[in-house]
Amino acid sequence: MQREDWLLLFLAAPARTGNRARSLEPLRIMKGLFLMSQRGQGPLKDLYTFKPYDYGPFTSEIYSDLDSLASSGLVAQEAVGGRSWRMYRPTIDGIERAADLAAQLDPSEEQTIGEAYAFVTSRGFLRLLRDIYVEYPTYAVNTVVQDAAPKS
């Protein structure tokens, strides 16, 4: 599987459990893929190389992969009024492709993806950052969100 495949599997995770895939902003996608790389085994460990940045774990590679998935018609990009970033959601073709890919997954990989998705979508912005920073404090060193930074 390619790195983009794992990203698509993450975005389409709810569809594999009968739920509607929702649009996600880059921050949640970034944190979800980070959690997959930290908590997963095998190929999940080496998907992306993250570094501490303004909002915690960051890699620019996710943006190029999202663009590639959008160019392939597997992910839709949605403009957000007044913002420089976009929201992303899997298309019908993307959900079908993810279902085909999911057939190749080990149950532990499916679980890691589902848990990462649930984690990032069940928290508000500040709580998500705080929870990431508590578990992975080295990624909080460059944060611009002081309300989320761990207290020394």
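Right above here is the structure, for reference.
Worth saying up front: this structure is predicted, and the values here are computed from it rather than measured. (Residues numbered from 1 in each chain as written. Predicted model: local features only at pLDDT ≥ 70, side-chain atom pairs only at ≥ 80, totals over all residues. Heavy atoms only, no water.)

Brief notes about the environment of Thr143
Filter applied, for reference: For helices the rule is a DSSP run of H or I covering at least 4 residues; for strands it is a run of E covering at least 2, with both sets numbered from the N terminus onward. Within 3.5 Å is the distance limit for a polar contact, defined as a pair of N or O atoms, with the added protein rule that one can donate a hydrogen and the other accept it, and that residues adjacent in sequence qualify only through two side-chain atoms.
Locating Thr143 in the fold gives a position in the segment after α6 (125–135). Taking the C-alpha atoms as reference points, Thr143 and Tyr63, 80 residues apart in sequence, are found 20 Å from one another. Among the polar contacts made by the side chain of Thr143, one reaches the main-chain carbonyl oxygen of Asp54 at a distance of 3.3 Å.

Concerning the pattern of salt bridges
Threshold: Salt bridges are defined as contacts in which a side-chain nitrogen from Lys or Arg sits within 4 Å of a carboxyl oxygen from Asp or Glu. Only protein chains enter the accessibility calculation, which uses a 1.4 Å probe. A residue is then buried if its area is under 20% of the maximum for its type, exposed if over 50%, and partly exposed in between.
As enumerated under the stated definition, the model contains eight salt bridges in all. As a salt-bridge pair, Glu61 and Arg3 come within 3.3 Å of each other at their nearest N and O atoms. Pair noted here: Glu61 is in helix α3 (residues 61–71) and Arg3 is in helix α1 (residues 3–11), with a separation of 58 residues, a long-range link. For Glu61, a relative accessible area of 29% corresponds to the partly exposed category. In this structure, Arg123 engages Asp131 in a salt bridge whose closest nitrogen and oxygen atoms are separated by 2.6 Å. On the basis of relative accessible area, Arg123 is assigned to the buried category, the value being 16%. On the basis of relative accessible area, Asp131 is assigned to the partly exposed category, the value being 22%. Among the charged side chains, a salt-bridge network with shared partners connects Arg3, Glu61 and Asp65.

What to know about the pairing of strand β4 (residues 86–90)
Test applied: Two strands qualify as a pair provided that DSSP identifies no fewer than 2 bridges between them.
Summarising the sheet, strand β3 (residues 75–79) and β4 pair through five bridges and their orientation is antiparallel. Considered in β4, the bridge of Glu78 is made with Met87. Counted along the chain from β3 to the antiparallel partner β4, the turn is six residues long, and its residue Gly82 has a positive phi close to 80°.

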